[in-house]
Amino acid sequence: MRKFGIYFTMVLMITILLPTVIVRTFKFVPRGNSVVGESLQENIPIVKEEKKEEVKEEIPVKISNKYDNVKVYNTRTEKVEELGLEDYIKGVVAAEMPGEFHIEALKAQAVAARTYAISRTLRYSEGHPAHPSAPICTGIHCQAYLSLEQLSQIHGDKWIENYWGKIEEAVDGTRGLGIFYDGEITEPMYHSTSGGQTEDIKDVYSSDVPYLKSVLSPNEEGAPKFKNLITLTTDEFIQTIKGKYPEAKIDRDNIAEKIKLIEKTSTGRVKRIAIDGNLLDGSELRDLFGLNSTNFKISLDNKLNIIEIETYGYGHGIGMSQWGANGMGKEGSNYQEILKHYYTGVEIKPLQ
Ligand SMILES: [Zn+2]
């Protein structure tokens, strides 16, 4: 009976955790950043015939250039490259989303990636603290980018033949479009798989962003990382915990009492747990056990001395789910519908 009691408690307790992981290290800066607003304002071309007004015409041209090219820090070569925006977006779509995905999902990815690149460029015009020589980088820290040459090396010529045209179509078909909220450019986060429901950013970071709210994300079942199960012996589990918290007085007998779920996010991901008095974020536990997300539950089989960690989704869960976007595309939604589903209250319009 006692064993059953422990098992029950464990399952209850652990059905639980929430992730807080951040695949893309993202720092939210509150909306209303004047840099963004002003730039967009200035971007309206003013065509006047008077000689006096000619000076004003130079401003939109200058801003326009800002949107045509992006300065990108290449994490592989450690050099800064100046790339045409649309060419850069093609390399991001190809790196961030499988070429097999539905064309409308690829288009949604193109618009999200373009918007993300421009909002970062505007915000970090003097360089990002993590890479001061450029506002964005080619790593997952910002958003992954691969050149055509790299794609060819990684996937082979057949892949290029099959999918490059489709990726070009997705980017060219949404050329210049961005995602706006209340007239301001957004910073649209995205992730691989939500596990059925996306996360509200305020449950992961302290900031509240009106367009990064939790929404249902059906049709993800085909995603390879929709659900994942890790099985450990109780001793392995304890060893891993002690590797990080050597002081933790945790053993086979007291494990069920020593691990406590403290807080879940509104979507049921693990926000905070306590291990023998040590407070951990769900993301720390995610990192510790290499979990796909903080949407996990832990079950203990005291008889077999086995612990199972079942994880749903992959990534931080904020914004657009790429697998969910693919599912929506297959169900007949277009890219605008996909974006408006995952980014609450936004509009899609040209960047300039
Ligand atoms: Zn970066």
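An account of the accompanying structure is given in this report. Worth saying up front: this structure is predicted, and the values here are computed from it rather than measured.

Parameters at a glance
- Here the residue index of a chain counts from 1 through its sequence in written order.
- Only residues with pLDDT of at least 70 are given local features in this predicted model, and only at 80 or more are side-chain atom pairs given and counted; all residues enter the totals for whole chains, interfaces and linings.
- The side-chain numbers reported here are obtained from all heavy atoms of the structure, hydrogens and water having been left aside.
- Here a strand is any run of E in DSSP of at least two residues, a helix any run of H or I of at least four, and the numbering for each starts at the N terminus.
- Only protein chains enter the accessibility calculation, which uses a 1.4 Å probe; a residue is then buried when its area is under 20% of its type maximum, exposed when over 50%, and partly exposed in between.
- Contacts were defined at the residue level, with two residues in contact if any of their heavy atoms lie within 4.5 Å.
- To define a nonpolar core, start from buried Ala, Val, Leu, Ile, Met, Phe, Trp, Tyr and Cys residues and group those joined through side-chain atoms within 4.5 Å.
- Salt bridges are defined by distance alone: a side-chain nitrogen of Lys or Arg within 4 Å of a carboxyl oxygen of Asp or Glu.
- Donor atoms: N, O and S within 2.8 Å of the metal, or within 3.2 Å for Na, K and Ca. Because water is excluded, sites can look incomplete.
- Just to be clear on the cut-offs, tetrahedral is four donors with all angles between 85 and 135 degrees, square planar is four donors and octahedral six with opposite donors over 155 degrees apart and all others between 65 and 115, and anything else goes down as irregular.
- With axes taken as lines fitted to C-alpha atoms, and helix axes fitted only over the stretch in contact, angles between N-to-C directions fall between 0 and 180 degrees.
- Rotating anticlockwise by less than a right angle from the far helix to the near helix defines a left-handed crossing, while the corresponding clockwise rotation defines a right-handed one.
- Each residue gets one of three labels, nonpolar for Ala, Val, Leu, Ile, Met, Phe, Trp, Tyr, Cys and Pro, charged for Asp, Glu, Lys and Arg, and polar for the others, Gly among them.

Scanning the chain for helices and strands turns up 12 helices and 14 strands. Each of the 352 residues in the chain was classed as buried or not, and the buried ones make up 52%. Taking as baseline every contact in the chain between residues at least 6 positions apart, the subset at least 24 positions apart corresponds to 69%.

Among the nonpolar cores identified, the biggest contains 65 residues, and Tyr88, Ile89, Met320, Leu339 and Tyr343 are the most heavily contacted of them. Looking at this core, the elements with two or more residues in it are β1 (69–74), α4 (85–96), α5 (103–123), β3 (136–137), α7 (157–172), β4 (177–181), α11 (322–330) and α12 (335–342). By residue number, the principal contributor to this core is α5, which donates 12 residues. When residues no more than four places from it in sequence are discounted, the contact partners of Leu339 are Ala108, Val111, Ala112, Ile179, Met320, Val346 and Ile348. Leu232, Ile241, Ile255 and Ile275 belong to the second-largest nonpolar core, a separate cluster that totals 22 residues.

Moving on, we come to the pattern of salt bridges. Taken as a whole and judged by the stated rule, the model has 20 salt bridges. Between Asp200 and Lys202 there is a salt bridge, and its shortest N-O distance comes to 3.6 Å. The exposure class of Asp200 is buried, given its relative accessible area of 7%. A salt bridge links Glu263 to Lys271, with the nearest nitrogen and oxygen atoms 3.8 Å apart.

Within the protein, the zinc ion binds to His131 (NE2), Cys137 (SG), His141 (ND1) and Cys142 (SG); these donor distances fall in the range 2.0 to 2.3 Å. Each of the four donor atoms bound to the zinc ion contributes to angles spanning 103 to 117°, and the resulting shape is tetrahedral. The motif formed by the donor residues of the zinc ion, counted along the single chain, is H-x5-C-x3-H-C. Judged on exposure class, the residue Cys137 and its partner His141 are both buried.

A word on the packing of helix α8 (residues 234–244) against helix α10 (residues 282–289). At a minimum axis distance of 10 Å, the contact between α8 and α10 shows a crossing angle of 115°. At the point where α8 passes α10, the crossing takes the right-handed sense. Residue-level inspection shows Phe237, Thr240, Ile241 and Lys244 of α8 in contact with α10, the latter providing Glu284, Leu285, Leu288 and Phe289. Residues belonging to the contact of α8 with α10 are distributed by class as follows: five nonpolar, one polar and two charged.

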